[in-house]
Amino acid sequence: VENVSPLGMGVHAPADCPDILGKDIIIITETLIMYALVNRMEKLEDGSFIVGIEAKKFTDEVLKYLFEHIG
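On a predicted model such as this, the values are computed, not experimentally measured, just so you know.

Participant: Break down the pattern of salt bridges for me, with residues and values.
Facilitator: A complete count under the given rule lists three salt bridges for this structure. With a shortest N-O distance of 3.1 Å, Lys56 and Asp24 are connected by a salt bridge. Of this pair, Lys56 sits in the loop between strand 4 (49-55) and helix 1 (60-69) while Asp24 sits in strand 2 (residues 24-28), placing them 32 residues apart in sequence. With a shortest N-O distance of 3.9 Å, Glu68 and Lys64 are connected by a salt bridge. In this pair, Glu68 and Lys64 both sit in helix 1, four residues apart, roughly one turn of the helix.

Pasting the structure below:
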């Protein structure tokens, strides 16, 4: 798995986002499911965050979790 771009990707998160820096996350949208590591969190003036992520390869355990929990 390679990052989508050399700079990684960023996600805009609401102000009440928990501290996820250094955590593995799964991003699910209408057109994308991505397993990623959060490598940066920057708080913006409005209290929201820009979260930097880098792609990770899906493991068998993560894929099993997805198939069991996404309906």
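Participant: Quick one: what's the story with the side chain of Ser48, residue by residue and with numbers?
Facilitator: With respect to the element layout, Ser48 can be found in the loop between strand 3 (33-43) and strand 4. A distance of 2.8 Å separates the side chain of Ser48 from the side chain of His12, its partner in a polar contact. In this structure the side chain of Ser48 is engaged in a polar contact, spanning 2.5 Å, whose partner is the side chain of Asp46. Contact partners of Ser48, with chain neighbours within four places excluded, come to His12, Ala13, Pro14, Ala15, Glu42 and Lys43.

Participant: Explain the pairing of strand 2 to me, using residue names and the numbers behind them.
Facilitator: Covered by surrounding structure in strand 2 are Ile25 and Ile27 only, the residues Asp24, Ile26 and Ile28 on the alternate face being uncovered. Where strand 2 and strand 3 come together, five bridges link them in antiparallel fashion. What sits directly across from Ile27, in strand 3, is Met34. The hairpin turn running from strand 2 into strand 3, its antiparallel successor, is four residues long.

Participant: Before we move on, could you go through a nonpolar patch on the surface and cite the residues and values that matter?
Facilitator: Side chains of Ile26, Ile28, Ile33, Tyr65 and Ile70 sit close together on the surface and give an oily, nonpolar patch of about 430 Å² of accessible area. Examined against the element boundaries, Ile33 turns out to sit in strand 3. Looking at Ile33, the relative accessible area reads 43%, which means it is partly exposed.

Participant: Go over the sheet that holds strand 3, please, and point to the residues and values.
Facilitator: In spatial order, the strands read 1-4-3-2; together these four strands make up an open sheet with antiparallel pairing. Looking along the sheet, the strands with just one partner apiece sit at the ends: strand 1 (9-13) and strand 2. On average, each strand axis in the sheet is tilted by 50° relative to the strand beside it, whichever way the strands run. Along the sheet face, helix 1 touches strand 2 and strand 3 and points at about 40° away from the line of strand 2.

Rules behind the numbers
- Residues numbered from 1 in each chain as written.
- Predicted model: local features only at pLDDT ≥ 70, side-chain atom pairs only at ≥ 80, totals over all residues.
- Heavy atoms only, no water.
- Salt bridge = Lys/Arg side-chain N within 4 Å of Asp/Glu carboxyl O.
- Helix = DSSP H or I, 4+ residues; strand = E, 2+ residues; numbered from the N terminus.
- Polar contact = N/O pair within 3.5 Å; in protein donor to acceptor, adjacent residues only side chain to side chain.
- Contact = heavy atoms within 4.5 Å.
- Buried < 20%, exposed > 50% of the residue type's maximum accessible area, 1.4 Å probe, protein only.
- Pairing = 2+ DSSP bridges.
- Patch = residues over 30% accessible without salt bridge, like charges linked within 9 Å, V, L, I, M, F, W, Y side chains within 5 Å.
- Areas by Shrake-Rupley, 256 points an atom, 1.4 Å probe, with all protein chains shown as cover.
- Axes fitted to C-alpha atoms, helices over the stretch in contact; angles between N-to-C directions.

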